[in-house]
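Residues per chain are reported as follows:
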Amino acid sequence: QADRKRSRRRKLERLPDLRAEVIRCLHEGWSPEQIAGRLSIEPAAPHRLCHETIYQYVYSAEGQSAQLARLLPERRRKRKPRYARTPRNRVFPVETSIHKRPPEINDRSQFGNWEGDLMIFERAQGQANVATLIERKSRFVVLFKNNDRQSKPIMDRLIKEMSPLPYYARRSLTFDRGFEFVSWRQLKLGLGIDAWFCDPSAPYQKGSVENMNKRVRRYLPRDTPVLSVSEPAIRLLIDRLNDTPRKCLGYRTPREVFREEIFNGPLH
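This section reports on the structure supplied with the text. Because the structure is predicted, anything quoted here is derived from the model rather than measured.

1. Here we look at the pairing of strand β3 (residues 141-146)
Link 1 in the chain: For β3, the buried fraction is high: six of the six residues fall into the buried class.
Link 2 in the chain: Neither face of β3 is left uncovered, since the one carrying Val141, Leu143 and Lys145 and the one carrying Val142, Phe144 and Asn146 both have all their residues buried.
Link 3 in the chain: Sheet analysis places strand β2 (residues 129-135) next to β3, joined by six bridges and oriented antiparallel. Bridged to Ile134 within β3 is Val141.
Link 4 in the chain: Joining the antiparallel neighbours β2 and β3 is a turn of five residues, in which Arg139 adopts a positive phi near 65 degrees.

2. Some thoughts on the pairing of β2
Link 1 in the chain: Within β2, seven of the seven residues are buried, leaving the element largely enclosed by the surrounding structure.
Link 2 in the chain: What you see with β2 is no split at all: Asn129, Ala131, Leu133 and Glu135 on one side and Val130, Thr132 and Ile134 on the other are buried throughout.
Link 3 in the chain: Where strand β1 (residues 113-120) meets β2, seven bridges bridge the pair, whose relative direction is antiparallel. Paired with Gly116 across the two strands is Leu133, which belongs to β2.

3. Quick look at the side chain of Asn129
Link 1 in the chain: Its place among the elements puts Asn129 in strand β2.
Link 2 in the chain: Of the polar contacts made by the side chain of Asn129, one reaches the backbone oxygen of Gln127; its length is 3.1 Å.
Link 3 in the chain: In terms of polar contacts, Asn129 uses its side chain to reach the backbone carbonyl oxygen of Asp148, at 2.9 Å.
Link 4 in the chain: Look past the residues within four positions of Asn129 in its chain and what remains in contact with it is Leu118, Met119, Ile120, Phe121, Phe144, Lys145, Asn146, Asp148, Arg149 and Val226.

4. Focus on helix α5 (residues 51-58)
Link 1 in the chain: Most of α5 sits out of view: six of its eight residues are buried.
Link 2 in the chain: All of the buried residues along α5 are Glu52, Thr53, Ile54, Tyr55, Tyr57 and Val58.

5. Some words on the state of the cysteines
Link 1 in the chain: Following the criterion strictly, the structure yields zero disulfides and no others.
Link 2 in the chain: The thiol of Cys198 is not disulfide-bonded; the next cysteine sulfur, from Cys248, is found 19 Å away.

6. Some points on the sheet that holds strand β4 (residues 172-175)
Link 1 in the chain: What the five strands build is an open sheet, ordered β3-β2-β1-β4-β5; its pairing is mixed. Among the strands making up the open sheet, the edge pair consists of β3 and β5 (194-197). Within this sheet the neighbouring strands show an average axis-to-axis angle of 25 degrees, counted without direction.
Link 2 in the chain: Here three bridges tie β1 to β4, and the two strands are oriented parallel to one another. Counterpart to Asn113 in the pairing with β4 is Ser172.

7. Brief notes about the packing of aromatic side chains
Link 1 in the chain: Applying the stated rule across the entire model yields eight aromatic pairs.
Link 2 in the chain: Each residue in the set Phe92, Phe175, Phe181, Trp184 and Phe197 is aromatic and connected to the rest through ring pairs, giving one cluster.
Link 3 in the chain: One residue, Arg217, lies across the ring of Phe121, its end atom 4.8 Å from the ring centre.

8. Side note on the nonpolar core
Link 1 in the chain: Trp114, Leu133, Leu158, Met162, Leu173, Phe175 and Leu187 are the most contacted members of the largest nonpolar core, which totals 29 residues.
Link 2 in the chain: Top element by residues in this core is helix α9 (residues 151-162). It accounts for five residues.
Link 3 in the chain: Of all hydrophobic cores here, the second largest spans 19 residues; its members include Cys25, Ala45, Tyr57 and Ala69.

9. Section: the packing of helix α4 (residues 32-41) against α5
Link 1 in the chain: For the pair α4 and α5, the least separation of the axes is 8 Å and the interaxial angle reads 130 degrees. One element, α4, and the other, α5, form an angle in the oblique class. For the pair α4 and α5, the crossing hand works out as right-handed. Here Pro32, Glu33, Ile35 and Ala36 of α4 lie close against α5, whose contacting residues are His51, Ile54 and Tyr55.
Link 2 in the chain: Looking at the contact of α4 with α5 residue by residue, the class counts come to five nonpolar, one polar and one charged.

10. Describing the pattern of salt bridges
Link 1 in the chain: Under the defined criterion, the tally for this structure stands at 16 salt bridges.
Link 2 in the chain: A salt bridge links Glu210 to Lys206; its shortest N-O distance comes to 2.5 Å.
Link 3 in the chain: With its nearest N and O atoms 3.0 Å apart, the salt bridge here joins Asp239 to Arg255. Taken as a pair, Asp239 in helix α12 (residues 231-242) and Arg255 in helix α13 (residues 254-263) lie far apart in primary sequence, 16 residues in all.
Link 4 in the chain: The exposure class of Asp239 is partly exposed, given its relative accessible area of 24%.
Link 5 in the chain: The class of Arg255 is buried, set by a relative accessible area of 18%.
Link 6 in the chain: Here the salt bridges do not stand alone but share partners, grouping Asp117, Asp176, Lys206 and Glu210 into one network.

Conventions adopted
- Residues numbered from 1 in each chain as written.
- Predicted model: local features only at pLDDT ≥ 70, side-chain atom pairs only at ≥ 80, totals over all residues.
- Heavy atoms only, no water.
- Buried < 20%, exposed > 50% of the residue type's maximum accessible area, 1.4 Å probe, protein only.
- Helix = DSSP H or I, 4+ residues; strand = E, 2+ residues; numbered from the N terminus.
- Pairing = 2+ DSSP bridges.
- Polar contact = N/O pair within 3.5 Å; in protein donor to acceptor, adjacent residues only side chain to side chain.
- Contact = heavy atoms within 4.5 Å.
- Disulfide = S-S within 2.5 Å.
- Axes fitted to C-alpha atoms, helices over the stretch in contact; angles between N-to-C directions.
- Phe/Tyr/Trp six-rings, centres within 6.5 Å; stacked < 30°, edge-to-face > 60°.
- Lys NZ or Arg CZ within 6 Å of the ring centre and 35° of its normal.
- Core = buried A, V, L, I, M, F, W, Y, C linked by side-chain atoms within 4.5 Å.
- Parallel < 35°, antiparallel > 145°, perpendicular 65-115°, else oblique.
- Left-handed = near helix turned anticlockwise from the far one by under 90°.
- Nonpolar A, V, L, I, M, F, W, Y, C, P; charged D, E, K, R; others polar.
- Salt bridge = Lys/Arg side-chain N within 4 Å of Asp/Glu carboxyl O.

The values reported here are purely geometric and, on their own, carry no functional implication.
Here it is, written out as structure tokens:
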């Protein structure tokens, strides 16, 4: 049994054609599960393998020297033991489910509740991305660039952007369950902000930010070289979005509604 396991582990080392095909698919953005699944149904494929074999090769010495881990959807410098990874329900506990969100957030009657997301670009642009934040009641939007998709730096930047706001203008944030948001507890510690999470594979439940992403794509399509976009250009885009009248606001602008809510907020 040990010999058979070692043989499977060496399959990608022994078979250059299979190895080249796996690496090609990784460069195309496929996950190991997708690669293994496709090979299992491809009639012309001479070999089969499981996704765990691909992960073991990616994190082997040869795979690390080729920097294959950078091609994974959720890359890590080192892989955690297979049966010691953090369960998803501990990262996003049931009490943070969007179904537990108070009604005053759901019906947009309360000011200061935001939705957040990351806009991802073509693989040629690397890990650079643009974060989108939108306040649910006023539709006021904030954008900022990130050089990476690691969760902690993104949360740190989010705290920096929102900390100047009064407490009643930053009550909560709703995210999907992307790995970029696993450090959400920093928001509670840093700003006292509650975090809510959509169901798995249900980003449509945060419809405000999904809609705003479509608007932003008119100016920042997927092939945009994000790192070369200047901060003044991002600021001009934010101003354009916040100064555009919205039918859902009675044709007032998000900036006008946001300022009104700030000025009419509690005095303490």
